[in-house]
Amino acid sequence: MENRKVVTKPTLEEDKNHGTRGFPFQIYRENYRQYPMGVMDLHWHRELELDLVTDGTVLFKVGDQVRCLEKGDGIFVNSNLLHLARAGDLTKNTEHVAILFAPEFLAPEDSDIFQEDVLPFLRDRQTGFVVLSGKIPWQGEILRLARLAARRFEDMSPGRKLEIHADICQIWQLLIREVAREGKQEGNQMPQERTRQMLAYIREHYGESISAEDLAQAAGISRSECFRCFQQYVGQKPFSYINSYRLTQAAKLLRTTDLSICEVGIRCGFNYQSYFGKMFREAYGQTPFAYRKSGGGTG
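I will try to describe carefully the structure that is included in this document. All of these numbers come straight from a predicted model, not from anything done at the bench.

## Considering the nonpolar core
One finds Met198, Leu215, Phe230, Tyr241, Phe276 and Phe280 to be the most contacted residues of the largest nonpolar core, which totals 38 residues. Of all the secondary structure elements, the ones that give two or more residues to this core are α4 (190–205), α5 (212–219), α6 (223–234), α7 (238–256), α8 (261–267) and α9 (273–284). Considering each element in turn, this core owes the most residues, 8 residues, to α7. Each residue touching phenylalanine 230, except ones within four places of it in the same chain, is listed here: Met198, Leu199, Ile202, Leu215, Gly235, Gln236, Lys237, Pro238 and Tyr241. Grouped together as the second largest cluster of nonpolar side chains are 34 residues, Leu48, Val97, Leu119 and Val179 included.

Below, the structure written as structure tokens:
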């Protein structure tokens, strides 16, 4: 089966267009066996996302919150929110349908509808995600409409785009009404924005010396808050993530350039060759030389 990965920019924003300018709406059918270790890596995008679990169990991590979704459940994820997903059991087939649409798919940005019924929801920094269960009537209706939109998307005959738009508008109406009434939203987006700023700093300066103070300053927070954000949103300590990212970049250079191994290490922030070799062996099971000689296909 095809080996897939989530491609991101330095800020962890997904580097992919979803839909077209004329119809900013897209459906994906995801099978977790296509992803290394059954994990769709941490990323974010400005599109709103609605996921429907169609087989197996999926663990969704949105911000610092983890939710376990079974077959038939769903989750709505707001714009610009860090999230990842992993298969609950690698021995079983796990699939979900992802529906992504730009906020302006609902209504033009200069319209009263967008200003009154879309923008406030996007700007609400306390609004994160909503887990959807078929056992709750209004949530079950959202799931039904989402499945209907997904089926329509597979047969784009004349009039289908209008029907899909109507389905998504009904979903949005239910969502904003019930979230406002019941306070079902979860998650806070502000710490995630700070985390994204620190991740961007690492990806822009990974070849240099980076301190916790540098990261904290990049996000305008304290050193202790820097460590807290990494632990909650990335699941690693800052320096573990820095080393992991440096090693990923080093492996890429070994595969794609003729730079000496020493130069690769230095470019990726490893000033001592012995330390670079030790860390690389731990991560890839090979020395940098053996990795390059094998073409990077093992380890």
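Having seen the model, we can carry on.
## Concerning the packing of α5 against α6
Running from N to C, α5 and α6 point in directions that differ by 85°, and their axes come no closer than 8 Å. As judged from the angle between their axes, α5 and α6 are roughly perpendicular. Contact residues: Ala212, Glu213, Leu215 and Ala216 in α5; Arg223, Cys226, Phe227 and Phe230 in α6.

## Some details on unusual backbone geometry
Within the chain, methionine 37 stands out as a residue other than glycine whose phi angle is a positive 60°. With respect to the helices and strands, methionine 37 occurs in the loop between β1 (25–31) and β2 (39–43). By relative accessible area, methionine 37 is classed as exposed at 65%. Of note in this structure, asparagine 80 is not a glycine but carries a positive phi near 65°. Asparagine 80 gets classed as partly exposed once you look at its relative accessible area, which sits at 25%.

## Remarks on the packing of α4 against α6
Contact pair α4 / α6: the axes reach a minimum separation of 10 Å and the direction vectors enclose 95°. Relative to α6, the element α4 lies roughly perpendicular. Along its contact with α4, which presents Pro191, Gln192, Arg194, Thr195, Met198, Leu199 and Ile202, the element α6 presents Glu225, Cys226, Arg228, Cys229, Phe230, Tyr233 and Val234. Classifying every residue of the contact of α4 with α6 gives 9 nonpolar, 2 polar and 3 charged.

## Some remarks on the layout of surface pockets
In this structure, the largest pocket encloses a volume near 1,500 Å³. Surrounding the largest pocket, 34 residues form its lining, Lys5, Val6, Asp41, Arg203 and Thr248 being those nearest its centre. A per-element tally of the lining of the largest pocket places α7 first, with 9 residues. Forming the boundary of the second largest pocket are 24 residues, of which Val6, Glu14, Glu30, Tyr35 and Met40 lie nearest the centre. Contributing elements (two or more residues each) for the lining of the second largest pocket: β1, β2, β3 (48–55), β7 (83–87) and β8 (95–101). Here the lining of the second largest pocket is composed, by residue class, of 11 nonpolar, 5 polar and 8 charged.

Conventions we followed
- Residues numbered from 1 in each chain as written.
- Predicted model: local features only at pLDDT ≥ 70, side-chain atom pairs only at ≥ 80, totals over all residues.
- Heavy atoms only, no water.
- Core = buried A, V, L, I, M, F, W, Y, C linked by side-chain atoms within 4.5 Å.
- Buried < 20%, exposed > 50% of the residue type's maximum accessible area, 1.4 Å probe, protein only.
- Helix = DSSP H or I, 4+ residues; strand = E, 2+ residues; numbered from the N terminus.
- Contact = heavy atoms within 4.5 Å.
- Axes fitted to C-alpha atoms, helices over the stretch in contact; angles between N-to-C directions.
- Parallel < 35°, antiparallel > 145°, perpendicular 65-115°, else oblique.
- Nonpolar A, V, L, I, M, F, W, Y, C, P; charged D, E, K, R; others polar.
- 1 Å grid on protein atoms, 1.4 Å probe; cavity = no way out; pocket = protein on both sides within 12 Å on 5 of 7 lines; lining within 4 Å.
- Points joined across faces, edges and corners; volume = space filled by probe spheres on them.

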